[in-house]
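# Coordinate analysis (summary)
Listed here are the chains, written in short residue letters.
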Amino acid sequence: MLTIKIAGPSDAALIADMSRQTFYDTFAGQNSKENMNKFMTEQFSREKLSDEVGEAGNIFLLAYDDDVPAGYAQLRESDNPPGLGNTSSIEIARIYAATNAIGKGVGKALMQRCIDLAAGMKKKIIWLGVWEHNERAIAFYIKWGFEKFGTHVFLLGDDPQTDWLMKKQLTQVR
């Protein structure tokens, strides 16, 4: 059975380890070893990731398949990127399923919970950045009603890569 819970400080190590593993599994095959290592060491260290859990503006969700961690998501309140103006929004900073959980509904469950939380916070837009070459993720986001509204540079090691910025308008329940 798939369950989603809001993570707390006691989950920081699990989230950090899952973050590092899922990122590496997702992107190592399309990037150089040197750039992956530099990114993982300098920007995606276990310590930095652990520190994010519990920081103001961050909400982490953990997905479990029975009692086994199967994925996670991070919602982050931050400054709006160009193209969103002053619209009330929240970013899906990360959303990943563990490799062995892909295709089991983990991404769908995490996305639905992210959208529900954003709507409950009265956000009008939920947005994210996705690597332009991550076709599987882009197709997933389009299926959920996200549309491209811009780009930004994501530095992976020494490699400047282009991320698409995608947004979804949230329907406010009255």
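Our structure's up above, just so we're on the same page.
Summary of the structure given here. Bear in mind the structure is a predicted one, so any value in this text is a computation, not a measurement. (Residues numbered from 1 in each chain as written. Predicted model: local features only at pLDDT ≥ 70, side-chain atom pairs only at ≥ 80, totals over all residues. Heavy atoms only, no water.)

Summing up its helical and strand segments, the protein chain has five helices and seven strands in all. Walking the protein chain from its N terminus toward its C terminus, one meets helices and strands in the order β-α-α-α-β-β-β-α-β-α-β-β. Compactness check: the protein chain gives a C-alpha radius of gyration of 16 Å against a globular reference of 16 Å for 174 residues, within 12% of the reference. When the backbone C-alpha atoms are referred to their principal axes, the protein chain occupies close to 50 × 35 × 30 Å. Counting only residues that meet the buried cut, the protein chain has 44% of its 174 residues in that class. (Helix = DSSP H or I, 4+ residues; strand = E, 2+ residues; numbered from the N terminus. Rg over C-alpha atoms; globule rule 2.2 N^0.38 Å. Buried < 20%, exposed > 50% of the residue type's maximum accessible area, 1.4 Å probe, protein only.)

The next subject is the packing of aromatic side chains. This model, assessed by the stated rule, comprises ten aromatic pairs. When the ring of Phe-23 is compared with that of Phe-27, the centres are 4.8 Å apart and the planes differ by 50°; the resulting orientation is tilted. Of this pair, Phe-23 and Phe-27 both sit in helix H1 (residues 12-27), four residues apart, which is roughly one turn of the helix. Here Phe-23 and Phe-27 have matching classes, each one buried. When the ring of Phe-140 is compared with that of Trp-144, the centres are 6.3 Å apart and the planes differ by 55°; the resulting orientation is tilted. Looking at Phe-140, the relative accessible area reads 24%, which means it is partly exposed. Grouped by ring-pair contacts, the aromatic residues Phe-23, Phe-27, Phe-39, Phe-44, Trp-131 and Phe-154 constitute a single cluster. (Phe/Tyr/Trp six-rings, centres within 6.5 Å; stacked < 30°, edge-to-face > 60°.)

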